[in-house]
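This is what each chain is made of:
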Amino acid sequence: MAAGGAEPAGGVRDPATAEAERIAARVRALPDIAGLSAGEFGTTATPGPGGRVEGVAVRPEGVEVGVVVRYGRPIPDIAADVRAAVLAARGGVPDSGDGVRVWVADIDLAEAGTRR
């Protein structure tokens, strides 16, 4: 469901919004992901009739995902996991991993008791 939590009128869902919701769920389920981020200006999001999906932008040229990672593993390894999750959410389309841009908005240092 979109960030707003409401179903669009008539129950008709926008395909890009539905895809963004699937991607967001897969990425949030990764153990090294503390959350998704739309960025400082809120541009990494997919708008839809039921609200915005924050942290995932489904665009014609590909998918952009903004994440907050948990401290510990190397960021390139986490980004590879995010790309794999996006690929799985998109049905394993062979070339869809090439159009995935992952950016790290923050690192969650909860283990150290701080967040940077």
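The structure this text deals with has already been given above.
The following refers to the structure shown. (Residues numbered from 1 in each chain as written. Predicted model: local features only at pLDDT ≥ 70, side-chain atom pairs only at ≥ 80, totals over all residues. Heavy atoms only, no water.)

### Considerations on the overall build of the chain
Working step 1: Summing up its helical and strand segments, the chain has two helices and seven strands in all.
Working step 2: Beginning at the N terminus, the succession of helices and strands in the chain can be written as α-β-β-β-β-β-α-β-β.
Working step 3: Residue burial in the chain is summarised as follows: out of 116 residues, 42% are buried.
Working step 4: Counting contacts in the chain only where the partners sit at least 6 residues apart, residues at least 24 apart contribute 61% of the total.
Working step 5: For the chain, the accessible surface area stands at approximately 6500 Å², while carbon and sulfur atoms represent 54% of it. (Helix = DSSP H or I, 4+ residues; strand = E, 2+ residues; numbered from the N terminus. Buried < 20%, exposed > 50% of the residue type's maximum accessible area, 1.4 Å probe, protein only. Contact = heavy atoms within 4.5 Å. Areas by Shrake-Rupley, 256 points an atom, 1.4 Å probe, with all protein chains shown as cover.)

### Considering the pairing of strand 3 (residues 51-54)
Working step 1: Bridge analysis of strand 2 (residues 45-48) against strand 3 gives four bridges, and the strand direction is antiparallel. Across the sheet, Thr46 pairs through a bridge with Val53, a residue of strand 3.
Working step 2: Count of turn residues in the strand 2/strand 3 antiparallel hairpin: two residues. (Pairing = 2+ DSSP bridges.)

### Let's talk about the pattern of salt bridges
Side chains that differ in sign of charge can pair as their charged atoms come close.
Working step 1: Here the structure, examined in full by the defined rule, presents six salt bridges.
Working step 2: Between Glu54 and Arg52 there is a salt bridge, and its shortest N-O distance comes to 2.8 Å.
Working step 3: Classification of Glu54 by relative accessible area gives partly exposed; the value is 33%.
Working step 4: Measuring nitrogen to oxygen at the nearest pair gives 2.6 Å for the salt bridge that ties Arg73 to Asp81.
Working step 5: Through salt bridges with shared partners, a single network forms among Asp32, Arg73 and Asp81. (Salt bridge = Lys/Arg side-chain N within 4 Å of Asp/Glu carboxyl O.)

### Section: the side chain of Asp32
Working step 1: Structurally, Asp32 can be placed in the loop between helix 1 (15-28) and strand 1 (33-36).
Working step 2: Side chain to side chain, Asp32 and Arg73 meet in a polar contact 2.5 Å long.
Working step 3: Those residues in contact with Asp32 that sit more than four places away from it in its chain are Val68, Val69, Arg70, Arg73, Ile78 and Asp81. (Polar contact = N/O pair within 3.5 Å; in protein donor to acceptor, adjacent residues only side chain to side chain.)

### Focus on the nonpolar core
Working step 1: Counting residues in hydrophobic clusters, the biggest one holds 22 residues, and the most contacted among them are Ile23, Val27, Val56, Val65, Val67 and Val82.
Working step 2: The element best represented in this core is helix 2 (residues 75-89), accounting for six residues.
Working step 3: Each residue touching Val67, except ones within four places of it in the same chain, is listed here: Val27, Ile33, Gly35, Leu36, Ser37, Val82, Val102, Trp103, Val104, Ala105 and Asp106. (Core = buried A, V, L, I, M, F, W, Y, C linked by side-chain atoms within 4.5 Å.)

### Observations regarding the pairing of strand 4 (residues 56-59)
Working step 1: Pairing between strand 4 and strand 5 (residues 62-70): four bridges, direction antiparallel. Paired with Ala57 across the bridge in strand 5 is Glu64.
Working step 2: Connecting strand 4 to the next strand, strand 5, in antiparallel fashion are two residues.

### Regarding the packing of helix 1 against helix 2
Working step 1: Contact geometry for helix 1 and helix 2: axes closest at 9 Å, N-to-C directions at 140 degrees. By the criterion of interaxial angle, the relationship of helix 1 to helix 2 is oblique. Here helix 1 runs over helix 2; the crossing is right-handed. In contact with Arg22, Ile23, Arg26 and Val27 of helix 1, helix 2 contributes Val82, Ala85, Val86, Ala88 and Ala89. (Axes fitted to C-alpha atoms, helices over the stretch in contact; angles between N-to-C directions. Parallel < 35°, antiparallel > 145°, perpendicular 65-115°, else oblique. Left-handed = near helix turned anticlockwise from the far one by under 90°.)

Bear in mind that shape data such as this cannot, by itself, settle questions of function.
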